[in-house]
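# Structural features, examined
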Amino acid sequence: MSCGCFEKPLSQELRDFLQQQYTEQQCPNKIIFTSNPESFKNKYNINKKICQKQKIYTIDQLASKQNVQKMIMSELEAEQFQLAYNYRNIQKDQFSALAYGNSGYTFRLELQETLNNGSNVLVIGEKGSGKSTLINAVGNSLLIDYADRYRYHIAEYDFNGYLQECDMWVENVKFKFLEVLGYGENLLQNQQIMLQTYEFLKEKNLQIDCILICRKFGYQGLQTKEKQIICHLAEVFGQQYIKKCFLVNTNYDHGDEKQILNQLQGDLNRINTIFDQMPDPKILFVNSQITPFEGNAGAHRFETVKVAKNAITNLINTNAYRLAIINSDAFRHRRSKENSLKQTKDQIKTSLIQLLPCLENYFQICEINENDDLFYANSVFWSTLKNDERVKESKVLSVILEEIILPDSDLLLIEKEFEKLELLNSLTLDFERQKRRKNEATYKKQFNRQKEKLTVEKDRWLQNIIELADYYINEQQQFLQETYVYQQESREQLITNNMNNQLKLYLQQDQGFDNVQLKQEFEVIRQRLFLPNTNLFATQIIAL
């Protein structure tokens, strides 16, 4: 662990003192120091006399006499001395010099032994949710008991691309923080982070004692990334993980805790009632996104971190059960099933895309009056698909109908119908009129064929979409309920979430059909696909 560079380094005397590069018996004069090198000599004789008078000859003796510290140091120097003494006394080993920055004194811990028997705490959350800062703050609450000026800063610790390890060993408290790479907007990349986390835990054979899900404080409900994190943790550890998990609201600004608790309780319990299964106090509130030891933080900010640290420690001490990842076979089965469900979702999306031109063409055909002698000369907007995008073209109906090849039996039937009309024996034979009438009969047959074809296609796509949605829901529920915390998707969610904007827009417009039967059918289709008629709603509101 290390920290960045800061200006105003402390005096060499203080560094020597902290690093103990001499024995106090050999250099008794250097046991008293000041952070101001220029005034060191001036203070030296007075300091020495006071210490000798108080019978103080070692650093340990000086650390136990706070009244003497106040006599020979400023308040800031006394705090700094006590902090450095406590820190060095705990660690016993090498540590860096203190350096002063705008936010106070920063120190770093180096060459600490890797923990093999400590408590493993997994920290997860979206980018910028305060994961590293929370670890820094907990480190401070373990090491020292000062609210301001000093901070423990983590940087450049072991990072494998998806997970960072940070070991804290303070007296009888041993924490290994495992910080998962922050989740982002790309849900597929988040999925990859989850897979890599599983592989890392499996390779290291690590078990988890506590999980912290960090989120920026706010009154908003659970966001998509947070729901994804909750489900991913269940996929890695199984359903029981929630009993070792806290939700940490970072950057807390003294808002209404009861209000946010009620909001989160409702959101979490909708995911298999997991709020009720979480350990108390369930939601941890930590003041400020910055480390509690930066700037003029104030004692209250420090106290919220101590509450969080105490909650983690208490959970580990009272619940010895450790979370292990699910076995590899189950995890692979999960991935296989997930791929199958994804394919089903893709089929729903494809069917919805193909439904749109079918619906448009169906209603175009159904609105044409086939009793019109020149109906086949009508111009219609004919929809086709190009690269999964709808394209509407103005076409003459006869061009569309001519694409339909009627079987010989139908053509023969048309010939017989004309023979019945006895037009061929008429003395006033009108070949043009007869030809037109014959073509008209052929077009009507082709028209009815097209109408039937579009009706079957429309019904087939609608039924296919509903069946795929039901299949997805049944498969998801049956599989996930066995092992995992899950969010059940409804048929409505599956269909509307996979529907593209073009189809939504088409179905949410008032088509204004003259044919009452078509208007009713359009409403039925809209209801089957869970989309309201927004224009109709607007009209009703205006009418009121």
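Residues numbered from 1 in each chain as written. Predicted model: local features only at pLDDT ≥ 70, side-chain atom pairs only at ≥ 80, totals over all residues. Heavy atoms only, no water.

Where an unreviewed UniProt entry is consulted, the chain appears under the name G domain-containing protein, with the organism given as Paramecium tetraurelia.

On to the overall build of the chain. Along its length, the chain carries 19 helices and 11 strands. Sorting the 544 residues of the chain into buried and exposed places 46% on the buried side. Sequence-distant contacts, at least 24 apart, represent 71% of the contacts inside the chain between residues at least 6 apart. As presented, the chain carries roughly 28,400 Å² of accessible surface, and 46% of it is formed by carbon and sulfur atoms. (Helix = DSSP H or I, 4+ residues; strand = E, 2+ residues; numbered from the N terminus. Buried < 20%, exposed > 50% of the residue type's maximum accessible area, 1.4 Å probe, protein only. Contact = heavy atoms within 4.5 Å. Areas by Shrake-Rupley, 256 points an atom, 1.4 Å probe, with all protein chains shown as cover.)

This part is about the packing of aromatic side chains. Per the stated rule, a full pass over the model turns up seven aromatic pairs. One aromatic cluster is present, built from ring pairs that chain together Y362, F363, Y506, F513 and F522. Sitting over the ring of F331, R335 keeps its end group 4.7 Å from the ring centre. The positively charged end of K392 is found above the aromatic ring belonging to F381, 5.4 Å away from the centroid. (Phe/Tyr/Trp six-rings, centres within 6.5 Å; stacked < 30°, edge-to-face > 60°. Lys NZ or Arg CZ within 6 Å of the ring centre and 35° of its normal.)

D280 connects to P281 through a cis peptide bond whose omega is 5°. The phi dihedral of D388 is positive, around 65°, even though this residue is not glycine. Counting through the fold element by element, D388 comes out in the loop between β10 (379-386) and β11 (389-396).

Here the focus is the nonpolar core. Counting 46 residues, the largest nonpolar core has I211, F237, Y241 and L268 as its most contacted members. Here this core takes six residues from helix α8 (residues 224-237), the largest share from any one element. Residues within four places of I211 in sequence aside, it is in contact with L122, L233, F237, Y241, K244, C245, F246 and L323. Ranked by size, the runner-up nonpolar core spans 44 residues in total, among them L401, F513, I525 and L529. (Core = buried A, V, L, I, M, F, W, Y, C linked by side-chain atoms within 4.5 Å.)

A few words now on helix α12 (residues 328-366). With 39 residues, α12 ought to run about 57 Å at 1.5 Å a step, and its terminal C-alpha atoms sit 56 Å apart, in line with that. Of all the bends in α12, the greatest reaches close to 25° and is centred on L355; the proline P357 follows between one and four positions later. Its side-chain oxygen 3.1 Å from the backbone nitrogen of D329, N327 forms the N-cap of α12. (Expected span 1.5 Å × (residues − 1). Bend = angle between axes of the 7 residues up to and from the residue. Polar contact = N/O pair within 3.5 Å; in protein donor to acceptor, adjacent residues only side chain to side chain.)

With respect to the helices and strands, S383 occurs in strand β10. The buried category is assigned to S383, whose relative accessible area is 4%. At 2.3 Å, the side chain of S383 and the side chain of E360 are in polar contact.

Next up on the list: the pairing of β11. Consecutive side chains along a regular strand alternate between the two faces of the sheet. Pairing geometry for β10 and β11, over eight bridges, is antiparallel. Paired with L385 across the strands is R390, a residue of β11. Joining the antiparallel neighbours β10 and β11 is a turn of two residues, in which N387 adopts a positive phi near 55°. (Pairing = 2+ DSSP bridges.)

Interhelical geometry of α12 versus helix α16 (residues 491-498) gives an angle of 60° and a closest axis separation of 9 Å. Taken as axis vectors, α12 and α16 run oblique relative to one another. With respect to the hand of their crossing, α12 and α16 are arranged in right-handed fashion. Contacts from K345, I348, K349 and L352 in α12 reach L494, I495 and N498 in α16. Counted by class, the contact of α12 with α16 contains four nonpolar, one polar and two charged residues. (Axes fitted to C-alpha atoms, helices over the stretch in contact; angles between N-to-C directions. Parallel < 35°, antiparallel > 145°, perpendicular 65-115°, else oblique. Left-handed = near helix turned anticlockwise from the far one by under 90°. Nonpolar A, V, L, I, M, F, W, Y, C, P; charged D, E, K, R; others polar.)

Counting all residues, the mean pLDDT for the chain is 76, and 70% of those residues have values of 70 or more. Low confidence marks residues 17-44, where pLDDT is under 50. Its contacts with residues over four positions away, or in another chain, come to 50 contacts. Overall, residues 289-298 carries pLDDT values under 50, and its contacts beyond four positions in sequence, including any with other chains, amount to 41 contacts. (pLDDT = per-residue confidence, 0-100.)

On to helix α18 (residues 516-528), then. The end-to-end C-alpha distance of α18 is 19 Å, a good match for the 18 Å that 13 residues give at a rise of 1.5 Å each. The N-terminus of α18 is capped by N515, whose side-chain oxygen sits 2.8 Å from the backbone nitrogen of Q517. Looking one or two residues past α18, F530 carries a phi angle of roughly 65°, positive in sign.

It is worth spelling out the pattern of salt bridges at this point. Side-chain pairing between opposite charges can occur once the charged atoms of the two side chains come close. For the coordinates displayed, the defined rule picks out 24 salt bridges. The partner of K342 in a salt bridge is D346, with the nearest N and O atoms 3.2 Å apart. Taken together, the residues K342 and D346, both in helix α12 and four residues apart, mark about one turn of the helix. By relative accessible area, D346 is classed as partly exposed at 35%. Through salt bridges with shared partners, a single ionic network connects E235, R334, R335 and E338. (Salt bridge = Lys/Arg side-chain N within 4 Å of Asp/Glu carboxyl O.)

In this section: the packing of α12 against α18. Geometrically, a packed helix pair is captured by the angle between its two axes and the distance between the axes. Close contact between α12 and α18 brings their axes to 11 Å; oriented N to C, the two are set at 165°. If you check the angle between α12 and α18, you find them roughly antiparallel. Classified by chirality, the crossing of α18 by α12 is right-handed. The residues of α18 that touch α12, namely those facing L359, Y362, F363 and C366, are L518, E521, F522 and I525. Residues belonging to the contact of α12 with α18 are distributed by class as follows: seven nonpolar, no polar and one charged.

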